[in-house]
Amino acid sequence: MISTIHQPSSEIFMKFGSLLLLSQGNVVYCGKMLHAEQHFANFGLPVPDNYNPADFYMNVLSRDSNLKIDHFDSMIQHGT
């Protein structure tokens, strides 16, 4: 099943099996939800302690993010 959920709670988010994260039409992450946190950490973007991962990913991938463009480009290249 494919579903989109805008700003899921941590409890709902942790029930996801797979995750597809897009930014400006580009795949930034596609894989098991449980591996997403390590994927972002590999690019110097660890999820802060006690932070909703869904909120973190949305903040990082939003257009208004302070994410450095070199991180973003690299994540797109390794998104799948």
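Residues numbered from 1 in each chain as written. Predicted model: local features only at pLDDT ≥ 70, side-chain atom pairs only at ≥ 80, totals over all residues. Heavy atoms only, no water.

What follows concerns the overall build of the protein. What the protein contains, in helices and strands, is four helices and two strands. Residues counted as buried form 31% of the 80 residues belonging to the protein. Partitioning the intrachain contacts of the protein with sequence separation of at least 6 by distance along the chain shows that 42% fall at a separation of at least 24. Taken as a whole, the protein presents about 5,700 Å² of accessible surface, with 52% of it coming from carbon and sulfur. (Helix = DSSP H or I, 4+ residues; strand = E, 2+ residues; numbered from the N terminus. Buried < 20%, exposed > 50% of the residue type's maximum accessible area, 1.4 Å probe, protein only. Contact = heavy atoms within 4.5 Å. Areas by Shrake-Rupley, 256 points an atom, 1.4 Å probe, with all protein chains shown as cover.)

Another point: the confidence of the model for the protein. On average, residues of the protein score 80 in pLDDT, and 76% of them reach the 70 mark or higher. Here helix α4 (residues 69–77) is the element of the protein with the lowest mean pLDDT, 59, and helix α2 (residues 33–42) is the one with the highest, 92. (pLDDT = per-residue confidence, 0-100.)

Residues Leu19, Leu21 and Ser23 point to one face of strand β1 (residues 18–23) and are all buried, whereas Ser18, Leu20 and Leu22, pointing to the other face, are not buried. Between β1 and strand β2 (residues 26–32), which pair antiparallel in sequence order, lie two residues; one of them, Gln24, sits at a positive phi of approximately 50°. (Pairing = 2+ DSSP bridges.)

Inspection of the entire model under this criterion finds six aromatic pairs. Relative to Phe56, the ring of Tyr51 has its centre 6.1 Å away and its plane inclined at 90°; by these criteria the two rings are edge-to-face. Residue Phe56 is classed as buried on the basis of its relative accessible area of 10%. Feature note: the residues Phe13, Phe16, Phe40, Tyr51, Phe56 and Tyr57 constitute an aromatic cluster, connected by ring pairs. (Phe/Tyr/Trp six-rings, centres within 6.5 Å; stacked < 30°, edge-to-face > 60°.)

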